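So the chains spell out like this:
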Amino acid sequence: MYYYALKMLIGDRAKYIGIIIGLTFASLLITQQSAIFAGVMARTFSFLTDVSMPDIWVVDPQVQYIDDIKPLQATKVLQVRGVTGVEWAVPLYKGSLRARLDNGTFQTCIAIGLDDETLIGGPPRMLVGQLSDLRRSDGVIVDQAGAEGKLARRAPDGSRIPLKVGDSLELNDHRVYVVGICQVTATFQANPVIYTTYSRATTFAPQERKLLSFVIAKASAGEDTEAVCQRIQEATHLRAYTPSKFKTLTFYYYLKYTGMPINFLTAVALGFIVGITISGQTFYNFTLDNLRYFGTLKAMGTTNRTLLKMILLQALIVGAIGYGLGVGLASAWGGLLSGRTQIAFLLPWQLLLISAVAIMFICLSAAALSIRKVMKLEPAVVFRS
Amino acid sequence: MSELPPHSTSRIAVRCHGLTKTFGAGATAFQALRGVDLEVRTGELLMLVGPSGCGKTTLISIIAGVLRRDGGECTVFDQDYLSMTEQEITRFRGSHTGFVFQAFNLIPTLTASENVSAPLVINGMNRRAAVAQAREMLRRVGFDERMLESSPVDLSGGQQQRVAIARALVHQPDIIVCDEPTSALDSETGRKVMQIMRELALASNRALIVVTHDARIFDFADRIAHMEDGRITGIEIPQKNAAAS
Ligand SMILES: Nc1ncnc2c1ncn2[C@@H]1O[C@H](COP(=O)(O)OP(=O)(O)O)[C@@H](O)[C@H]1O
Ligand SMILES: [Mg+2]
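Conventions adopted
- Along each chain, numbering runs from 1 in the same order as the chain's sequence is written.
- For naming, the first written chain is A and the first written ligand is 1, with later ones following in the order written.
- Selection of residues for local features in this predicted model requires a pLDDT of at least 70, selection of side-chain atom pairs for listing and counting requires 80 or more, and totals for whole chains, interfaces and linings are taken over all residues.
- Think of the side-chain values as coming from all heavy atoms in the structure, minus any hydrogens and water.
- Here, a strand pair is defined by DSSP locating no fewer than two bridges between the strands.
- Numbering of helices and strands runs from the N terminus, with a helix taken as a DSSP run of H or I at least four residues long and a strand as a DSSP run of E at least two residues long.
- A fitted line through C-alpha atoms represents every axis, and for helices the fit uses only the stretch in contact; the resulting angles, taken between N-to-C directions, go from 0 to 180 degrees.
- Accessibility here uses a 1.4 Å probe with only protein chains present; expressed as a share of the type maximum, an area under 20% marks a residue as buried, one over 50% as exposed, and anything in between as partly exposed.
- In this description, contact between two residues means that some pair of their heavy atoms is separated by no more than 4.5 Å.
- We call two N or O atoms a polar contact when they sit within 3.5 Å, provided that within protein one can donate a hydrogen and the other can accept it, with sequence-adjacent residues counted only if both atoms are side-chain atoms.
- By convention in these notes, a salt bridge is any Lys or Arg side-chain nitrogen within 4 Å of a carboxyl oxygen on Asp or Glu.
- Here, proximity means that at least one heavy atom of the residue falls within 4 Å of the molecule or strand.
- Methods summary: accessible areas were calculated by the Shrake-Rupley approach with a probe of 1.4 Å, and residue burial reflects only the protein chains presented.
- Here the nonpolar group is Ala, Val, Leu, Ile, Met, Phe, Trp, Tyr, Cys and Pro; Asp, Glu, Lys and Arg are the charged ones; every other residue, Gly included, is treated as polar.
- Once two parts are joined, some of their accessible surface, as seen by a 1.4 Å probe, is lost; buried area is that loss totalled over both.
- Per the annotation, domain bounds derive from an automatic or database assignment of domains.
- For every residue, the predictor states its confidence as a pLDDT score lying anywhere from 0 to 100.

Strand-to-strand pairing in sheets goes through backbone hydrogen bonds, with the strands running parallel or antiparallel. Residue and element names in this part refer to chain B. Overall, mixed pairing links the six strands, which are arranged β5-β6-β7-β3-β8-β9 in an open sheet. Lying at the two open borders of the sheet, with one neighbouring strand each, are β5 (97-100) and β9 (231-236). Direction aside, neighbouring strands of the sheet carry axes that sit 20° apart on average. Relative to strand β6 (residues 175-179), β5 is paired through four bridges, and the arrangement is parallel. Residue pairing across strands places Gly98 opposite Ile176, the latter belonging to β6.

Below is the structure:
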């Protein structure tokens, strides 16, 4: 009977296509919007993703998210090193610098200063050169997106000439030389990222009393990281976070203080409403149109249990097709745009699962109404015209 | 085939006694059946005739097991629906009962042979075998090869009713109930349909009940039960049986 159930559904071409379009649209909207949301959110803590070595981040207690930099006194590094259970602790500088380009224009860049001795906190992947090249005098490493984009030179014909090793730049009136090109996880602001040593970065930086952005540290093997964080907080009166706690803090800050979640939830709700109204409604209408035939099948001996499975199958088939098309379109859209633009688009399996559950929910609620109607149908209706 | 089958092979298919059915309750209650007494034997085609609203459809609905009676007795092959669960009744209908409707009730998105195969599939036969058997049944009601897979919407009323008869017959039911099977057809087509019904559906181990108010087909009956106001008022054996002519 399941084959006939599908034929009944597919045979009603207009409704079948209508239901699938509705579900495709809903799944596209839900998947695409969540992927953008996930992408944007991941960018807010991309720095934490890239700096993977430390398992403790020490910051000012007032800090609300990763880019909310409140400089610390330089001596805090030593204090952290003195806490039991800390294997190592190094300074990390992060700030904004203005780079002067050849044509005289300025470009704001993210400058990251790594501990001179260990160079801990470097980029996740070097494309040209090596991290240790930073030890050469006035050396900087530039991220690829920046080198090919906002920091690129202009040829006389207007085309872009990417910044390459050996080129020079002016950072706050200091001339520096590119010694390497790296790749970083895309950032929220999408500004070029420039790596240099801690001491050099602090000389480029506008003169301020305090320049230490973070103390990054690692707990000794066998130590409970949370307990070490606790001890650091007691000893320094600063706040110590594990990377995941710091990510969560950042994530919730953006969730709370920006319009993004509302945007995102609105779009997802819209997807849901479209799904329920277009597809749910059409599916229910399909059942109503076929009520006479469901009644005939019932009179001819089809049990309620079989009818229930037939309707569920119909709902799950349109759900699977709509979901597949929607997710396919969403990934195609994401793939197409992220290849050409800096758009934030992240589609982990969890999101695929979430939109699958959403579409399933839409289909099952539509099916539930139809099933109720057919279960309650008196087979005697077949003789009433 | 003209006479009543000999009693040795004929048995009682349906026995109703004092059968009642009331629709609704309180002030709007309407008693549609007011004590029906009726016996139908296998091997006979019984017609149920009477004015509109006298309770014919209600009576065959109860006999077919799609409607529950309120009072009196009614057994179909010695089975009493009131002592069966809903599921048991549904399965009983699936294997013992064939249906023919005034409006044909063919599923428009299935082909003729798929429609006819449905009762077999419902009874658990695999689709391939069921469709093969359905095609054979359709040939017997006069379908040629290229009509077997046509859609009901492309068929004439008479052809659709022949598909419906094939569907009612394909699983070899013990009883077939037909509600106004010729009302949607012109008189010539109606007579053809009744002819097919007598030739193919009538069998010594099967009872046929045809509800109609179409006087032009009365001569196809073995017996005619007249109904009025929720009661059987008389049984008549038609003068000239069409099957004899
Ligand atoms: N489901 C129902 N609810 C209320 N009244 C009904 C219902 N079904 C039939 N009736 C009434 O019962 C009477 C008999 O109906 P029916 O058996 O269909 O008559 P017939 O088939 O002889 O025309 C009619 O008056 C009809 O209005
Ligand atoms: Mg009627």
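From this point on, the discussion continues.
It is a general feature of regular strands that their side chains alternate between the two faces of the sheet. Residue and element names in this part refer to chain B. Across five bridges, the pairing between strand β8 (residues 223-228) and β9 is antiparallel. Among the inter-strand pairings, Ile224 is bridged to a residue of β9, identified as Glu236. Hairpin connection from β8 to β9: two residues lie between these consecutive antiparallel strands, with Asp229 at a positive phi of about 55°.

To continue, consider the environment of Tyr81 of chain B. All names here are of chain B. Relative to the helices and strands, Tyr81 resides in the loop between β4 (71-76) and α2 (86-96). A relative accessible area of 6% means that Tyr81 is categorised as buried. Between the C-alpha atoms of Tyr81 and Gly65, which are 16 residues apart in sequence, the distance is 6.8 Å. Not counting residues within four places of it along the chain, the set of residues in contact with Tyr81 comprises Ile62, Ile63, Ala64, Gly65, Arg68, Val76, Ile89 and Phe92. For Tyr81, the side chain forms a polar contact with the main-chain oxygen of Ile63, separated by 2.9 Å.

Scanning all chains against the criterion turns up 26 salt bridges over all chains. Across the salt bridge formed by Glu170 of chain A and Arg100 of chain A, the nearest N and O atoms sit 3.4 Å from each other. Placement of the pair is Glu170 of chain A in strand β8 (residues 168-171) and Arg100 of chain A in strand β2 (residues 86-100), with a sequence separation of 70 residues. Judged by its relative accessible area of 35%, Arg100 of chain A is partly exposed. One salt bridge connects Arg216 of chain B with Asp214 of chain B, and the closest N-O pair in it is separated by 2.8 Å. Judged by its relative accessible area of 44%, Arg216 of chain B falls in the partly exposed class. The class of Asp214 of chain B is buried, set by a relative accessible area of 9%. Salt bridges here are not isolated pairs; linked through shared partners, they connect Arg135, Glu136, Arg139, Glu145 and Glu149 of chain B.

Turning to the environment of Leu265 of chain A, a few remarks are in order. Mapped onto the secondary structure, Leu265 of chain A falls in helix α9 (residues 260-289). Along the chain, Leu265 of chain A and Val77 of chain A lie 188 residues apart, while their C-alpha atoms are 42 Å from each other.

Here the focus is the site of ligand 1. Lining the immediate environment of ligand 1, one finds Arg384 of chain A together with Phe23, Phe30, Ala32, Pro51, Ser52, Gly53, Cys54, Gly55, Lys56, Thr57 and Thr58 of chain B. Nearby residues around ligand 1 are contributed by chains A and B. In this structure, an oxygen atom belonging to ligand 1 sits 2.7 Å away from a side-chain N or O atom of Arg384 of chain A. Contact distances for ligand 1 include 2.6 Å between an oxygen atom and a side-chain N or O atom of Thr57 of chain B. About the coverage of ligand 1: the protein hides 65% of its 550 Å² of free accessible area. Listing elements by their share of the shell around ligand 1, those giving two or more residues are β2 (30-41) and α1 (56-64) of chain B. Ranked by residue count, the leading element in the shell around ligand 1 is α1 of chain B, at three residues. Residue classes in the shell around ligand 1 are distributed as five nonpolar, five polar and two charged.

The next thing to look at is the interface of chain B and chain A. With 35 residues of chain B at the interface, the matching set in chain A holds 24 residues. The contact between chain B and chain A buries some 2600 Å² in all, and 66% of this surface belongs to carbon and sulfur atoms. Taken as a group, Asn105, Thr109 and Ile122 of chain B account for 21% of the area that chain B buries against chain A, more than any other trio of residues on that side. Inspection of the region where chain B meets chain A yields one salt bridge. Where Lys7 of chain A meets Glu114 of chain B, a salt bridge forms, and the shortest distance between an N and an O atom there is 2.7 Å. Joining chain B to chain A, the criterion identifies six residue pairs in polar contact (both at pLDDT 80 or more). Listed by contribution, the elements that provide at least two residues to the side of chain B that touches chain A are α1, α2, β5, α3 (112-122), α4 (127-140) and β6 of chain B.

Attention now goes to the sheet that holds β4 of chain B. All names here are of chain B. The strand order across the open sheet formed by three strands is β2-β1-β4, and the pairing between neighbours is antiparallel. Both outer strands of the open sheet, β2 and β4, are each paired with one neighbouring strand and no more. Each neighbouring strand pair of the sheet contributes to a mean axis angle of 15°, computed without reference to strand direction. Sheet topology note: the strand β1 (residues 12-23)/β4 ladder contains five bridges and is antiparallel. From the neighbouring strand, Arg15 faces β4, where its bridge partner is Thr75. The strands that α1 touches are β1, β2 and β4; relative to β1, the one it contacts most, it runs at about 125°.

Let's shift gears to the domain arrangement of chain A. Residue and element names in this part refer to chain A. By domain assignment, chain A separates into domain 1 (2-44 + 259-384) and domain 2 (56-241). Computed from C-alpha coordinates alone, the two centres of domain 1 and domain 2 are separated by 48 Å. Counting residues at the interface gives five residues for domain 1 and six residues for domain 2. Here domain 1 and domain 2 share an interface that buries about 480 Å² over both sides, 64% of which is from carbon and sulfur atoms. Joining domain 1 to domain 2, the criterion identifies zero salt bridges. Counting across the interface, domain 1 meets domain 2 through zero residue pairs in polar contact (both at pLDDT 80 or more). In the side of domain 1 that touches domain 2, the residues fall into two nonpolar, two polar and one charged.

Interpretation of this model should avoid reading the predicted coordinates in detail wherever pLDDT is low. Chain-level pLDDT for chain B is 92 on average; 94% of the residues reach the 70-or-more range. Predicted complex metrics record ipTM = 0.93 and pTM = 0.80.

Positive phi is not limited to glycine here, since Leu119 of chain A has a value of about 55°. The topology assignment puts Leu119 of chain A in the loop between β3 (106-114) and β4 (125-128). In this structure Leu119 of chain A comes out as buried when scored by relative accessible area, which is 5%. Positioned with a positive phi, Asp78 of chain B is a non-glycine residue whose angle comes to about 65°.

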